[in-house]
Amino acid sequence: MLVLVVSHTHWDREWYHGLGRFRQRLVALVDELLDAPADARVPFLLDGQAIVLEDYLGVRPEREADLAAALREGRLEAGPWYVLADELIPGAESLVRNLLAGRRTLARLGAAAPPVLYSPDAFGHPAALPTLAAGFGLPVVVAWRGYGGRRWPPGDTARWRAPDGSAAVLHHLPPDGYEFGSSLPADDARAAARWQTMRTVLAPRARLGLMLVQNGADHHALQRDATAALAALARAAAPHDEVRRTTLAEVVRAIADRAARTAGGELPEVTGELRDSYGYTWTLPGTLATRAGQKRRVAHAERALVRDVEPWLALSPLRADASATAALHAAWRTLLACLPHDTLCGCATDAVAAAMEARLASVAEQARGLRADALDALVGHDAAAARERRDDWRPVLVVRNATARPRGGVAEVELLTFLADEPVGPGSCAPTAVPPPQGVAVDGGRVPVQPLRAGPARHRVESPRHYPDNDLVWRTRGLAWVPAVPAYGVAAYPVDAGAVHAAASAPPHAAHAGARGGVTVLENGHLAVAIHGDGRVELRTDDGRVIADLLGLEDVGDVGDTYTHSPVGDVLTAARCRGARVVAGGPLRATVELRLELRVPARRTRRRAAPPVPLPIRVRLSLDAGAPFLRVAVRGVNRARDHRLRLVLRTGVADAAVFADAAFGPVRREPIVVPPDDLRMERPVRTAPLHRYVSLTTSRTGATVYADGLAEYEATPAGDVAVTLVRAIGALSRAHLPERPGHAGWPVRTPAAQCLGRFAGRFALLLHGPRDEATIDLVERVADDVLLPLCGTTLRSALALPPTTHGVGLEGDGLAVSAIKPAEQGSAIVLRCVNLLDRPVTGAWRLPPSVVHVRRARLDETPIEPLPLTGGRVEFTARPREVVTVLAEPRSATGR
């Protein structure tokens, strides 16, 4: 049997040390490899990450040529990812950008990654990972956690098929993972004993007649006596097995070649998510709620870049601007640096979490700037020219629709009305005279506006060729009822003294909040909510459906670590109601705030519970005019340690099938059932990854809970959906947990992971019928309405009313937008959608008139075939659950 040995290091960029310390060791490691004499050089894998190449060159820029040569010659390998990310928390498009960034990084050095989707330590894998592999021309996936044991086929190789039919060869690592071949002995006696142990594990699993031995471990440099150890291993394995040191690229080519030659039935086929390696190795699913607030901010940043930055850049003249493209890539690299599994999962030191927080703030700032520049270019606004014509400013409200279908109705807007100029610099000594504040007028001839918050503020109008113009303004944040805005289009309305002028009809099913018979009520014609004096929330629909007790809070002690939830003590559910008040009476949005208090022990241990402290929690319930869903916003202050706090939404859909949003479309989730013999190493959890929504359906009814970024939920047989708001723990790893004996990481205190202070989450509930094609479409459409509402901002320095712009629209049952972005090369627009249905669908993109050539492409934007373009419309057929990528070339890109 063939034994292929790959020398490597598994490089966690941040973990029990921060980036700075680990980078110091990385530089020493790579220097040693590059400086090795020619007769002592061996191939070495930098474990699946291209970002470490940038980390190295950030310290050693003078060695770029040496590093590039080693990569081109195969002495060093890296990639295909930019970072070795968690795969269950980020969305599909973040995984795509991760691979694109890894490819760009290697290409700048004249190199390419091994042809493998290499993911040796992620805490589980999405069902669509073979789709990602196929879309980048990678025939093999190498994985470890989330697979293995008696509930999966035996052996180290299987064919893994995604929901869209794409398949990849899955090569699965042994129970000890990527470090099974670390520190090989160099003397013959010990080598023979070690090989016997290793062969006992590897040989029975070797379906293709080859065994992969990875010689390395976490942050390990090349084994000092690696050549002698490999020679001893070869002698120990002879004559039955041939040992060969090689590259990862050669290993995966051998796997792919042998798998291709196997008969159809020789490789078992597996489908679905890989989230169950219980009894085989640690799965570590408890990280989904660790440092929950940071995961929420990551989701916000990802959604902003994918749905509210990239599309505007792609549709604007900035699409072909090299500086704008470079700025977009820089924003993505900043976000991707937050996604390594130890960083994003929160199982790292507090210093790592603090560095991640700074990156997330940077991503948010970069996203706002990119979006502003793209929208200015899209509507033809020249900021520099406008600054030179201050007296000609005509403030306008610019409303953007970040969906691929026309939408009108409630828009969240910010209206700015000039009060006074506020000088900065030498001329700022004199006091500024401020006129009285101006309100917001509402009448039938203007866009109806509902103020929510208003007051004086400062606002800068910036220009690339001038100092900012700094003014005092009256800022009104509120809601406006606007006519339909085109798909991924922009509409502008004049603003005059805080009023917005446009022809608009009155909102149907206006929302209302008020008190009635001692009960606070919300109504909008579709839904009615009653908040009783004891805090009970009752929800009724216009078709007679009733949920008598919608909301709950649940708190339990947690003495686990950043990897594993370890509950202790009683579950507390008795929140005390401190009253309810109407925050917004309507007509566009009606909101009631419910003030609750949960008394939680200040600190829980297995021996005692400290005296209780109050956790103040405010829940805002909102109905929008004409909307079929209820908004739920939660905010509070965590004052306790060692506990887990969850919001419970009771849907009333009992004994339901669960469909959860995931990478490239929802997946059906079944409880993971593990026999007692497989519980010794780790106990399974009832929680699962939460993307945008989770749906519960039966043959008669259904409900969907939406969340804006918190990453962990549990669906119960009773029809409750519990979402983790706070998981407060104080150690990176503990050794003695009933749920997971042994240390999963290095024991380091993590007081910041107690998440003391403010927390928040935004949710929505949609009640609907059973899961059919119409419901699938509705659930996806409402996800956009909840998470990507119409938004309007005031462009104070407009010189004219910008025309309405028409972007791109998507047509077709069950088709959902995945991405609209500038192409990696050239000036094409990349359009990607997913067929959410289990049948073929004929769809179409409606395109800007400048597009003259359209091609179908892979996920990595490699063209496949031309598509016919007729009247600005291109049709395509999507297989069941298929991800369809289209390249739309504007006239300037083709010369026509």
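Residues numbered from 1 in each chain as written. Predicted model: local features only at pLDDT ≥ 70, side-chain atom pairs only at ≥ 80, totals over all residues. Heavy atoms only, no water.

Student: Would you mind showing me how to read the overall build of the chain here?
Tutor: When you go through the chain residue by residue, the secondary structure sums to 16 helices and 46 strands. Scaling as 2.2 N^0.38, a compact globule of 896 residues should have a C-alpha radius of gyration of about 29 Å, and the chain matches this with 29 Å. A principal-axis box enclosing the C-alpha atoms of the chain has dimensions of 90 × 70 × 60 Å. Out of the 896 residues belonging to the chain, those deemed buried represent 60%. Residue pairs at least 24 apart in sequence account for 75% of intrachain contacts in the chain once pairs closer than 6 positions are excluded. (Helix = DSSP H or I, 4+ residues; strand = E, 2+ residues; numbered from the N terminus. Rg over C-alpha atoms; globule rule 2.2 N^0.38 Å. Buried < 20%, exposed > 50% of the residue type's maximum accessible area, 1.4 Å probe, protein only. Contact = heavy atoms within 4.5 Å.)

Student: I'm lost on the pattern of salt bridges in this one. Help?
Tutor: Side-chain pairs of opposite charge can arise whenever the charged atoms involved come near each other. Tallied over the full model, the rule gives 75 salt bridges. Taking the shortest distance from any N to any O, the salt bridge between R855 and E889 comes out at 2.7 Å. Here R855 is found in strand 42 (residues 851-857), whereas its partner E889 is found in strand 46 (residues 883-890), with 34 residues between them in sequence. The class of R855 is partly exposed, set by a relative accessible area of 23%. Across the pair R873 and E875 runs a salt bridge whose closest N-O atoms are separated by 2.8 Å. A relative accessible area of 42% means that E875 is categorised as partly exposed. The structure contains a network of salt bridges with shared partners spanning D31, D35, R60, E62, R63 and D66. (Salt bridge = Lys/Arg side-chain N within 4 Å of Asp/Glu carboxyl O.)

Student: Help me understand the nonpolar core, please; the structure alone is not making it clear to me.
Tutor: For soluble globular proteins, nonpolar side chains are generally found buried alongside one another. The biggest cluster of nonpolar side chains holds 133 residues, and the ones touching the most others in it are L132 and W845. For this core, the element with the most residues is helix 13 (residues 350-379), which contributes 9 residues. Other than its neighbours up to four places away in sequence, L132 contacts W81, L95, V96, L99, L117, F664 and L859. (Core = buried A, V, L, I, M, F, W, Y, C linked by side-chain atoms within 4.5 Å.)

Student: It is not clear to me how the environment of P803 should be interpreted in this structure. Could you clarify?
Tutor: For P803, the position within the fold is in the loop between strand 37 (790-795) and strand 38 (809-811). Along the sequence, P803 and R692 sit 111 residues apart, while their C-alpha atoms lie 33 Å from each other. If sequence neighbours within four positions are ignored, P803 has contacts with V379 and V490.

Student: Honestly, the packing of helix 9 (residues 292-308) against helix 13 in this entry has me stumped. Any pointers?
Tutor: When two helices pack together, you describe them by how their axes are tilted relative to each other and by the distance separating the axes. Across the interface, helix 9 lies against helix 13 with an axial gap of 10 Å and an inter-helix angle of 25°. Accordingly, the angle class assigned to the pair helix 9 and helix 13 is roughly parallel. For the crossing formed where helix 9 meets helix 13, the hand is left-handed. Contacts between helix 9 and helix 13 involve Q294, R297, V298, A301, A304, L305 and D308 on the former and, on the latter, A353, M356, E357, L360, V363, A367 and R371. Looking at the contact of helix 9 with helix 13, its residues break down into 9 nonpolar, 1 polar and 4 charged. (Axes fitted to C-alpha atoms, helices over the stretch in contact; angles between N-to-C directions. Parallel < 35°, antiparallel > 145°, perpendicular 65-115°, else oblique. Left-handed = near helix turned anticlockwise from the far one by under 90°. Nonpolar A, V, L, I, M, F, W, Y, C, P; charged D, E, K, R; others polar.)

Student: I would appreciate a short explanation of the sheet that holds strand 6 (residues 157-161) in the present structure.
Tutor: Picture the strands of a sheet paired through backbone hydrogen bonds; they go either parallel or antiparallel. Taken in spatial order, the 5 strands of this open sheet run 4-5-7-6-10, and their pairing is mixed. In the strand order of this sheet, the two ends are held by strand 4 (116-119) and strand 10 (269-271), each with one partner. Between one strand axis and the next, the sheet turns by 30° as a mean value, whatever way the strands run. (Pairing = 2+ DSSP bridges.)

Student: How do you make sense of unusual backbone geometry when you look at a structure like this?
Tutor: In most cases, non-glycine residues show a negative phi, while peptide bonds are predominantly trans. In this structure, the amide linkage connecting G79 to the following residue, P80, adopts the cis form with an omega of 10°. Topologically, P80 is positioned in the loop between strand 3 (76-77) and helix 4 (92-108). For the bond from G586 to P587, the omega torsion is 10°, close enough to zero to count as cis. Within the secondary structure, P587 is located in the loop between strand 24 (576-585) and strand 25 (589-601). Phi at R291 takes a positive value of approximately 50°, unusual for a residue other than glycine. Examined against the element boundaries, R291 turns out to sit in the loop between strand 10 and helix 9.

Student: Just checking my understanding: could you explain the side chain of D678 for this structure?
Tutor: Tracing the backbone through its elements, the reader meets D678 in the loop between strand 30 (667-669) and strand 31 (688-689). Note on D678: relative accessible area 7%, which makes it buried. In this view, D678 contacts R150, R151, Y278 and G279; residues no more than four positions away in its chain are not counted.

Student: What should I look at first to understand the pairing of strand 34 (residues 712-715) in this one?
Tutor: Both faces of the sheet carry side chains from a regular strand, because those side chains alternate between them. Both strand 31 and strand 34 contribute to a ladder of 2 bridges, which runs antiparallel. In the strand pairing of strand 34, A688 is matched with Y713. Direction of pairing for strand 34 relative to strand 35 (residues 720-728): antiparallel, over a ladder of 3 bridges. Looking across to strand 35, one finds that E714 is bridged to A722.

Student: It is not clear to me how the packing of aromatic side chains should be interpreted in this structure. Could you clarify?
Tutor: Here the distance between the centres and the angle between the planes together describe a pair of aromatic rings. One pass over the structure, following the stated rule, counts 9 aromatic pairs. On the numbers, 5.4 Å between centres and 65° between planes, the contact of W312 with Y488 is edge-to-face. One end of the pair, W312, is in helix 10 (residues 310-315); the other, Y488, is in the loop between strand 14 (466-485) and strand 15 (490-496), with 176 residues separating them in the sequence. Like Y488, W312 is buried. Here the basic side chain of R390 rests over the ring of W393, its NZ or CZ set 3.9 Å away from the ring centre. Lying over the aromatic face of F418, R390 brings its terminal NZ or CZ to 5.3 Å of the ring centre. (Phe/Tyr/Trp six-rings, centres within 6.5 Å; stacked < 30°, edge-to-face > 60°. Lys NZ or Arg CZ within 6 Å of the ring centre and 35° of its normal.)

Student: Help me understand helix 4, please; the structure alone is not making it clear to me.
Tutor: In an α-helix, one turn spans 3.6 residues, which is why side chains three or four residues apart end up on the same side. Compared with an ideal rise of 1.5 Å per residue, which puts 17 residues at 24 Å, helix 4 spans 25 Å between its outermost C-alpha atoms and is within 8% of the ideal. Counting buried residues in helix 4 gives 14 out of 17 residues, a clear majority hidden from the surface. Directly beyond the C-terminal end of helix 4, a positive phi value near 70° is found at G110. (Expected span 1.5 Å × (residues − 1).)

Student: Is there a simple way to think about the pairing of strand 11 (residues 396-400) in this case?
Tutor: With 5 of 5 residues buried, strand 11 is to be regarded as a mostly interior element. Of the two faces of strand 11, the one carrying V396, V398 and R400 and the one carrying L397 and V399 are both buried. As paired strands, strand 11 and strand 15 are joined by 5 bridges and run antiparallel to one another. The partner of V396 across the bridge, within strand 15, is P494. Taken together, the 5 bridges between strand 11 and strand 37 define a ladder with antiparallel strand orientation. Among the inter-strand pairings, L397 is bridged to a residue of strand 37, identified as T794.

Taken by themselves, the reported measurements are silent on function.
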